[in-house]
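Architecture and fold: a report
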Amino acid sequence: MLVTIFSQLKVDTMRADRLMNIMILLQNKGKMTAKELSSELEVSDRTILRDMDALTNAGIPVVSERGKEGGWRLLDNFRSKLSGLSLDDMKSLFLFPSEELLEDLGLNNTPLDTRHKLVEAVPAAYRDEVQAMWERIHIDSGTWKQSRENADALHTVLQAVWDSKRLNINYEQADGEQKERLVEPLGLVAKGNTWYLVASRNDMMRNYRVSRIHHAKVINETFKRPVHFNLGAYWEQSKAEFVQNLPTYDVEVEIHPEIMNRMKFTAKFVQVINTEKPRGDKWIAATLRFHNELEAAEYILGFANKMKVVSPKSLTDKIVSSAMSVIDFYNRD
């Protein structure tokens with residue numbers, strides 16, 4: 001319907017996409033000002049006004065309401081028959097998260113896969129392609145050795161998130177101490193197979209690992225969510241800040257060529273900053289980055305005589321001391 005109308009109006013592809021996006025935004029949000037639309041679509045207010053004229057000329061019932069609570073909206077009895085979903089958009093709908101995460105949220109209790117129902121809603125012309133996506137891509141966010149965290153409080157936390165109710169939690173901190181906290185739950189994030197609660201406390205955004213919540217109670221008090229809060233955008237920023245603030249401990253080492261391939265499978269524990277060309281004896285000089293000295297010592301000890309510390313000297317001393325302790329332990333008898 002709209003594609004034909006836009007074609008008759010002779011609008012270019014970019015503008016046709018923008019007009020379609022305006023309709024989708026108004027359908028989803030009900031009412032938006034020209035300034036909000038221009039900010040969302042990254043164009044000027046004047047461009048939005050011209051787009052509204054184009055929609056009106058195309059027979060789309062958009063109306064403007066003046067006043068403090070005013071803005072643009074679609075007439076209540078109008079809904080576009082065009083979803084605005086491209087083929088790639090529809091394919092992405094079939095890339096479900098792992099079954100474990102859906103079970104955690106109580107959304108995997110039906111014997112019939114939701115995608116069986118969804119495929120019937122896809123236009124016939126796209127059905128074969130989205131079915132192929134379903135059959136060829138599977139997402140598993142778990143680990144090889146399943147060790148799902150205890151998340152007994154998840155159901156209570158989820159209820160508070162849905163209802164926008166304050167939540168009283170007993171939270172275990174990194175040092176093991178438990179403290180009571182009254183928070184305003186804004187959302188849940190699954191990082192791998194670990195759940196995090198994003199909440200506001202004393203007007204500060206905080207992340208709480210759900211497995212560390214030993215008790216949770218929903219308080220019968222609603223709260224107002226922060227205006228324009230975007231959970232995904234917040235999490236990406238929080239994650240970037242966390243990584244940036246992690247402590248670093250760099251070590252200069254020499255590596256025997258036999259273990260180079262093994263090191264590729266231990267990237268979880270160490271970051272290889274750089275490596276040099278092998279020397280005449282085949283040993284390779286490299287710089288490794290850890291979070292702290294203890295982590296570095298334990299990692300390097302695991303490679304025995306196949307990795308040698310060049311600097312810092314204090315790490316060499318710690319490794320020698322740890323190795324001697326192990327020898328003494330086994331020589332007691």
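Residues numbered from 1 in each chain as written. Predicted model: local features only at pLDDT ≥ 70, side-chain atom pairs only at ≥ 80, totals over all residues. Heavy atoms only, no water.

**Concerning the environment of R206**
The criterion, for reference: Strands are runs of DSSP state E lasting at least two residues, helices are runs of H or I lasting at least four, and both sets are numbered from the N terminus onward. What makes two residues a contact is simply this: any of their non-hydrogen atoms within 4.5 Å.
Relative to the assigned elements, R206 resides in strand β6 (residues 204-209). Discounting chain neighbours no more than four positions away, the residues touching R206 are L197, V198, A199, R201 and Y234.

**Considering a nonpolar patch on the surface**
Put simply, the rule is: Surface patches are defined over residues having more than 30% relative accessible area and no salt bridge, joining like charges when they lie within 9 Å and nonpolar side chains (Val, Leu, Ile, Met, Phe, Trp, Tyr) when within 5 Å. Each accessible area is a Shrake-Rupley estimate made with a 1.4 Å probe; only the visible protein chains count as cover when residues are assessed. Salt bridge, as used here: a side-chain nitrogen of Lys or Arg that lies within 4 Å of a carboxyl oxygen of Asp or Glu.
Taken together, L95, I137 and I139 make up a surface patch of nonpolar side chains, about 200 Å² in accessible area. Here L95 shows up in the loop between α5 (87-92) and α6 (99-104).

**Quick word on the pattern of salt bridges**
Convention followed: Burial here depends on accessible area, computed with a 1.4 Å probe over protein chains only, as a share of the maximum for the residue type. Under 20% is buried, over 50% is exposed, and the range in between is partly exposed.
For the structure shown, the criterion picks out twelve salt bridges. With its nearest N and O atoms 2.7 Å apart, the salt bridge here joins K31 to E65. Here K31 is found in the loop between α2 (13-29) and α3 (34-41), whereas its partner E65 is found in strand β1 (residues 62-65), with 34 residues between them in sequence. A relative accessible area of 32% means that K31 is categorised as partly exposed. Note that E135 and R136 form a salt bridge whose closest N and O atoms lie 3.8 Å from each other. Comparing E135 with R136, the two get one shared label, exposed. Salt bridges here are not isolated pairs; linked through shared partners, they connect K31, E65 and R73.

**Observations regarding the packing of aromatic side chains**
Using the following cut-off: By convention, a stacked pair of Phe, Tyr or Trp rings (six-membered ring in the case of Trp) has centres within 6.5 Å and planes under 30 degrees apart, an edge-to-face pair has planes over 60 apart, and any other such pair is tilted.
Counted by the stated rule, this structure contains six aromatic pairs. Ring centres of Y196 and W235 lie 5.5 Å apart, and the angle between their planes is 45°; on these two criteria the pair is classed as tilted. Pair noted here: Y196 is in strand β5 (residues 194-201) and W235 is in helix α10 (residues 231-245), with a separation of 39 residues, a long-range link. For Y196, a relative accessible area of 18% corresponds to the buried category. Classification of W235 by relative accessible area gives buried; the value is 12%. Taken together, the ring pairs connect F290, Y299 and F303 into an aromatic cluster.

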